[in-house]
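An overview of the molecular structure
Okay, here's what each chain looks like letter by letter:
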Amino acid sequence: MGQDGPEPVAARPQATPDGFAGLRTHDYGAAAGQTELAKGQTFARRYRIEGLIGAGASGAVYRAHDTRMGQDVALKLIHPQRLRSEAARQRLLAEALLTRNIRHRNVVAVFDADEVDGVAYMVMELLQGDSLRVWANGRLAKAAPCTMAEAATVVEAILDGLEAAHTANVIHRDLKPE
């Protein structure tokens, strides 16, 4: 554990072939039409926005600083269209409660989930480094496809993370290389 809290997963030492250390395999997702947060704005009275990480169908993810805990986090705002019913909101909170109990080097840590002014959000470990997609595209652009041993290492790491999730009764329904 670093002085600012848990060390990001990507910075943890990994016994992997050259070029694999530091990969993050978590999908950050994000939302078109979602309320945009500006750099320096505070969300939920504690998360100071540092910038947008990504946007997609499920929500928007921001790099934020948790002013209460003193650490940088990934703040995912869930697109309102994804949570049209109270049942969907309750499902999100229940999934977050299950997910926050998973502790595995290949699974992003979930710290919190809640709703503020009708906007549901999740607070997660902030990972550094390139996504698996960026890494793979870079290899292909250099005409240096990965070997079977490298591919097996990546698949094994993904499956190890999924096993940890399944052991905690969490089913990941949207696995992507981002």
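Up top you'll find the structure we're talking about.
A quick note: this is a predicted structure, and the numbers were derived from the prediction, not measured. (Residues numbered from 1 in each chain as written. Predicted model: local features only at pLDDT ≥ 70, side-chain atom pairs only at ≥ 80, totals over all residues. Heavy atoms only, no water.)

**Topic: the environment of Ile 158**
The following threshold applies: Only DSSP runs of H or I reaching four residues or more are called helices, and only runs of E reaching two or more are called strands; each is numbered from the N terminus. For every residue, the accessible area obtained with a 1.4 Å probe (protein chains only) is divided by the maximum for its type, and the residue is called buried under 20%, exposed over 50%, and partly exposed between those limits. By definition, residues are in contact when any of their heavy atoms lie within 4.5 Å.
Here Ile 158 is to be found in helix α3 (residues 148-167). On the basis of relative accessibility, which here comes to 25%, the residue Ile 158 falls in the partly exposed class. Between the alpha carbons of Ile 158 and Val 107 there is a distance of 8.8 Å; along the sequence they are 51 residues apart. Apart from residues no more than four positions distant in its own chain, Ile 158 is found in contact with Leu 132 and Leu 175.

**Regarding α3**
Inclusion rule: Multiply 1.5 Å by the residue count of a helix minus one, and that product is the helix's expected span. Working definition: the arc comes from the directions between the helix axis and the C-beta atoms, pointing outward to the latter.
Given a rise of 1.5 Å per residue, 20 residues ought to cover 28 Å, and the 28 Å separating the end C-alpha atoms of α3 matches this to within 8%. Buried within α3 we find Glu 150, Val 154, Gly 161, Leu 162, Ala 164 and Ala 165. Taken around the axis of α3, the buried residues stretch over an arc of 160 degrees, which confines them to a single face. The outward face of α3, more than 90 degrees from its buried face, is lined by the exposed residues Met 148, Ala 149, Leu 159, Glu 163 and Thr 167. Contacts from the buried residues of α3 go to α2 (132-141).

**Notes on the nonpolar core**
The test is simple: The nonpolar core is taken to be a set of buried Ala, Val, Leu, Ile, Met, Phe, Trp, Tyr and Cys residues, with the residues joined through side-chain atoms within 4.5 Å.
Judged by nonpolar contacts, the single largest core of 15 residues is most densely connected at Leu 83, Leu 92 and Met 122. Beyond its immediate stretch of four places on either side in the chain, Met 122 contacts Ala 74, Leu 75, Lys 76, Leu 92, Ala 96, Val 110, Asp 112 and Ala 113. Grouped together as the second largest cluster of nonpolar side chains are 13 residues, Leu 37, Tyr 47, Ala 60 and Leu 77 included.

**Brief notes about the pairing of strand β2 (residues 47-55)**
Successive side chains on a regular strand alternate, one facing one side of the sheet and the next facing the other. As a reminder of what qualifies: Here, any two strands with at least 2 DSSP bridges between them count as paired.
By the bridge criterion, 2 bridges tie strand β1 (residues 42-43) to β2 in an arrangement that is antiparallel. The residue of β2 that forms the bridge with Thr 42 is Arg 48. Here β1 hands over to β2 after 3 residues, with Ala 44 in that stretch at a positive phi of 55 degrees. Two strands pair when backbone bridges link them, and β2 and strand β3 (residues 59-66) are joined in this way by 7 bridges, in the antiparallel orientation. When the sheet's bridge partners are listed, Ala 55 is paired in β3 with Ala 60.

**Here we look at the packing of aromatic side chains**
Given two aromatic rings, their pairing is described by the distance between the two centres and the angle made by the two planes. We count it as follows: Each Phe, Tyr or Trp ring, with Trp reduced to its six-membered ring, pairs with another whose centre is within 6.5 Å; inter-plane angles below 30 degrees give stacked pairs, above 60 give edge-to-face pairs, and intermediate values give tilted ones.
Considering all chains together, one arrives at 2 aromatic pairs under this definition. Here Tyr 47 and Tyr 121 contribute two aromatic rings whose centre-to-centre distance is 6.1 Å and whose plane-to-plane angle is 65 degrees, an arrangement assigned as edge-to-face. In this pair, Tyr 47 sits in strand β2 while Tyr 121 sits in strand β6 (residues 119-125), placing the two residues 74 residues apart along the sequence. The exposure class of Tyr 47 is buried, given its relative accessible area of 1%. Classification of Tyr 121 as buried rests on a relative accessible area of 4%.

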